Amino acid sequence: MNRDVRDDFQGDRLFLKKMNEMGLEVLDFGFFRENVIWIKTKQGKFVLKGFNRSETCSKQLKLSKLYHGQKPRIMGTYTAFPNQKKTVQFGKYIWAIMPFYKGEGLHFGKKDDVKAGVEAISRFHSFSKHIPVPLYEQLSSYSLFKKWSDRLNAFKFHARSANWNHQMQPLISEIIMWGDWSLSHFDHEAVKTLEKKAYKKKEITHGDVAPHNFVKYKDRDTYLIDFDLFAAVPQAFDWLQYANRILPFWHWSYAKMEEVGNEDFLKCFTKKWFVICLVFPTDLYREWNRALKTGDNEMIEAVTRFTLRDFSHRKKFVEKIMKRMS
């Protein structure tokens, strides 16, 4: 909610005038990011999302329309401005509007929150069959192997020139080795088969099942927000990302996954390709690449704490998989 990111925003007065033209009387506003704004109005509280390209905006609005009105709610969806316009051009973005959904994100250290996230993902996945073929074919896809190879190579590049502290220095070669091992054992045939089946069944992934992309309100069902990374790839990729995000909170214990998972989630752990992929430290590479690229000391310190906090548990988890697969 930082007002300091409004470079190139053309000033408050012009923004307030534009919102007034759309039928909104703004009482206050602030920034989550440069292209994500919260606004408090006499009509209620909303979030504005800015898009660089009209095609991207149009695709997200079409997806949103499919999910609108579903009970229980599957996705937070866009709405219209009071003047019934779906979008407005202002500054360098095309802006769409959605309600400010009441609730909070999930905490992956809380068992009930993890369970709520599992159920939200399953509901989201089950709805993919309703997406029309023309819209499904507009969704992007990607190669998991290439995506991870690029991420590992970026980490190797940054790691060479990084000024590692005495705690991190001994761990770097092992963190890189985990990535190399996982990619060298990557089951290309199994994943390719999975991708073909996924396309035939019109599977989609949310693509960013992070705590802040869930909304949990009181005792109601938890649901997802953010259409940015929707992709036409196997739904198991969402489960892989979810496992990678929650395992650090539970000391890399599969027994804990059995306590919080449902059938959709747990069956993935029986697949060899999935277990091999759990070795790949995509979260560490993602966070370290971001921190080392910016050179932000606070970010580097935070990622250092994150890495060290569960390293011993993760190491045991990884070594157990490697031994079983050798």
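Now for a description of the structure that goes with this document.

## A short note on the overall build of the chain
Counting its secondary structure elements, the chain contains 14 helices and seven strands. Over its C-alpha trace the chain gives a radius of gyration of 21 Å, about what one expects of a compact globule, namely 20 Å for 326 residues. Dimensions of the chain along its principal axes, counting C-alpha atoms only, are 65 × 45 × 35 Å. By the burial criterion, 49% of the 326 residues in the chain qualify as buried. Long-range contacts, defined as pairs at least 24 residues apart, comprise 72% of the intrachain contacts of the chain with a sequence gap of at least 6. The distance from the centre of the 55 positive side-chain charges to the centre of the 38 negative ones in the chain is 4 Å.

## Considerations on the pattern of salt bridges
Within this structure, the stated rule accounts for 16 salt bridges. The salt bridge partner of E55 is R53, with a shortest N-O separation of 3.7 Å. Look at the salt bridges and you will find they share partners, linking E174, K315 and E319 into a network.

## Structural notes on the sheet that holds strand β5 (residues 93–99)
With antiparallel pairing, the five strands of this open sheet are ordered in space as β1-β2-β3-β5-β4. Single-partner strands in this sheet number two, and they are β1 (26–33) and β4 (87–90). Here the strands of the sheet are splayed against their neighbours by 30° on average, with no regard to which way each runs. Pairing of strand β3 (residues 44–51) with β5, which is carried by six bridges, proceeds in the antiparallel orientation. Looking across to β5, one finds that L48 is bridged to I97. Against the sheet, helix α1 (residues 12–21) engages β1, β2 (36–41), β3 and β4, with an angle of about 155° to β4.

## Topic: the environment of F31
Structurally, the position occupied by F31 is in strand β1. Expressed as a C-alpha distance, the spacing of F31 and V47, which sit 16 residues apart in the sequence, is 9.5 Å.

## A look at the pairing of β1
When β1 meets β2, the two strands line up antiparallel, connected through six bridges. Opposite R33, over in β2, you have V36 as the bridge partner. Counted between consecutive antiparallel strands, the loop separating β1 from β2 contains two residues.

## Things to note about the environment of M168
Take M168: it is sitting in the loop between α5 (144–161) and α6 (172–184). Its relative accessible area of 0% is what places M168 among the buried residues. Residues M168 and L308 lie 140 residues apart in sequence; the distance between their C-alpha atoms is 7.8 Å. Beyond its immediate stretch of four places on either side in the chain, M168 contacts I175, W288, T304, T307 and L308.

## Structural notes on unusual backbone geometry
Most of the time, phi is negative for any residue but glycine, and the peptide bond is trans. A cis amide bond, omega -5°, links K71 with the succeeding residue P72. Tracing the backbone through its elements, the reader meets P72 in the loop between α2 (54–67) and β4. Although it is not a glycine, Q84 sits at a positive phi angle of roughly 75°. The residue Q84 is located in the loop between α2 and β4 in this model.

## Overview of a negative patch on the surface
Negative charge collects at one region of the surface, where E119, D221, E263 and D264 lie side by side. On the secondary structure map, E119 appears in helix α3 (residues 111–126).

## Side note on the packing of aromatic side chains
If you walk through the whole model with that rule in mind, you get 36 aromatic pairs. Judged by centre distance (5.5 Å) and plane angle (80°), the rings of Y93 and W95 are edge-to-face. Across the pair, exposure class does not vary: Y93 and W95 are buried alike. When the ring of W239 is compared with that of Y242, the centres are 6.4 Å apart and the planes differ by 80°; the resulting orientation is edge-to-face.

## Regarding the pairing of β3
In terms of burial, β3 is a largely internal element, six of the eight residues being buried. As paired strands, β2 and β3 are joined by six bridges and run antiparallel to one another. Bridge pairing links T41 to G44 in β3. Counting the residues that bridge the hairpin from β2 to β3 gives two residues.

Here is what the cut-offs are and how they apply
Residues numbered from 1 in each chain as written. Predicted model: local features only at pLDDT ≥ 70, side-chain atom pairs only at ≥ 80, totals over all residues. Heavy atoms only, no water. Helix = DSSP H or I, 4+ residues; strand = E, 2+ residues; numbered from the N terminus. Rg over C-alpha atoms; globule rule 2.2 N^0.38 Å. Buried < 20%, exposed > 50% of the residue type's maximum accessible area, 1.4 Å probe, protein only. Contact = heavy atoms within 4.5 Å. Lys, Arg positive; Asp, Glu negative; His and termini not counted. Charge placed at Lys NZ, Arg CZ, Asp CG, Glu CD. Salt bridge = Lys/Arg side-chain N within 4 Å of Asp/Glu carboxyl O. Pairing = 2+ DSSP bridges. Axes fitted to C-alpha atoms, helices over the stretch in contact; angles between N-to-C directions. Patch = residues over 30% accessible without salt bridge, like charges linked within 9 Å, V, L, I, M, F, W, Y side chains within 5 Å. Areas by Shrake-Rupley, 256 points an atom, 1.4 Å probe, with all protein chains shown as cover. Phe/Tyr/Trp six-rings, centres within 6.5 Å; stacked < 30°, edge-to-face > 60°.

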